[in-house]
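As a plain string of letters, each chain reads:
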Amino acid sequence: LETILESMNEGILEVYAGQVVYANSAAVKLCGVPLENLLTSKPQDMFTDGARDRIDKLVNRDDLEMSVIGLTRPMTLNGRQIIVRSFPVKAEADTTILLITDVTDQRDLEYQLQHMRRMDAIGNLAGGIAHNFNNLLMGIQGNVSILVQDRQPGDAGYDELAGIERCIESGANLTRQLLSFAKGGRYALEMVDVNELIEKSSEMFARTRKEIHVVRHLGENLAMAEVDTAQIELALMDLYVNAWHAMPEGGNLSVSTSVQRK
């Protein structure tokens, strides 16, 4: 019997007249108290005020006819999440067996599962928003295309309409990013010219921040990069905005590219 009790993962406390008279190794580990200190102590004293009354009801129980009662809501003991059940010893009215089950890992897994379900729901929501937003962008794109087709470079309003088209293209890239998030992080990789990405993104940023003068120093003969265009553009815009925040009164924003050889 001693071998069986010592091999259990659950903690076993035998309580006689309100004091612990036996504890197996698992109980000693869960309680975080040396065996010599655990014996003759009161189980209630190992818990905080909120749980002390609950443990007291298990130890000093009156319903001996019910073989087992338990606390289904986990409590904290020595930094671990536990569930406690009480077994009365009917032959000895003052004796109760407390079974302590460590459910920390189980609770962590449940939390991770709930988090995954929430993220899945958020992904579905993001996908729906991206589709609706993309439909709005296509409507704007159609109207701008009608206005542009009757104009030539240099005509009044041509540059502004071209800027709107570039903004629409950036918005479409953002919707693709939302869709890739909704699909679990699958991105659209393609071979692109990094210099071209920087030119477009920095020009768009400069149009919206007149107090910032963008200076580009773009290296020649750069290798093509296999990237997700939307991700790179988002990273560049974050850098531009951070630089703008650092220059509230305006200034020069310098962007450069080069080939780093080892």
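Residues numbered from 1 in each chain as written. Predicted model: local features only at pLDDT ≥ 70, side-chain atom pairs only at ≥ 80, totals over all residues. Heavy atoms only, no water.

Asker: So what exactly am I meant to see when it comes to the nonpolar core here?
Answerer: As a rule of thumb, soluble globular proteins bury nonpolar side chains together. Ranked by size, the top nonpolar core spans 21 residues in total, and within it L13, F47 and V84 carry the most contacts. Looking at this core, the elements with two or more residues in it are β1 (11-16), β2 (19-23), α2 (25-31), α4 (49-59), β3 (69-77), β4 (80-88) and β5 (95-102). Counting residues per element, this core draws most heavily on α4, which supplies 4 residues. In terms of nonpolar packing, the next biggest core, distinct from the first, is built from 10 residues, F205, V214, M247 and V255 among them. (Core = buried A, V, L, I, M, F, W, Y, C linked by side-chain atoms within 4.5 Å. Buried < 20%, exposed > 50% of the residue type's maximum accessible area, 1.4 Å probe, protein only. Helix = DSSP H or I, 4+ residues; strand = E, 2+ residues; numbered from the N terminus.)

Asker: Looking at this model, I keep getting lost on helix α7 (residues 194-208). Mind explaining?
Answerer: Every α-helix carries 3.6 residues per turn, so stepping three or four residues along brings you back to the same face. Helix length check: α7, at 15 residues, gives a terminal C-alpha distance of 22 Å against a target of 21 Å (1.5 Å per residue), a fit within 8%. Turning to α7, its buried residues number three or more, namely N195, L197, I198, S201, S202, M204 and F205. Capping the start of α7 is the job of one residue whose side-chain oxygen sits 3.0 Å from the backbone nitrogen of N195: D193. (Expected span 1.5 Å × (residues − 1). Polar contact = N/O pair within 3.5 Å; in protein donor to acceptor, adjacent residues only side chain to side chain.)

Asker: I keep staring at empty space enclosed by the protein and nothing clicks. Help me out?
Answerer: Any space left empty among the atoms is revealed by the rolling of a water-sized probe across them. A complete count under the given rule lists 1 cavity of 30 Å³ or more for this structure. Of the pockets and cavities examined, the largest cavity occupies roughly 80 Å³. Every residue along the wall of the largest cavity is listed here: R166, E169, S170, N173, K200, S201, M204 and E233. Only α6 (158-182) and α7 provide two or more residues apiece to the lining of the largest cavity. At 4 residues, α6 tops the list of elements feeding residues into the lining of the largest cavity. (1 Å grid on protein atoms, 1.4 Å probe; cavity = no way out; pocket = protein on both sides within 12 Å on 5 of 7 lines; lining within 4 Å. Points joined across faces, edges and corners; volume = space filled by probe spheres on them.)

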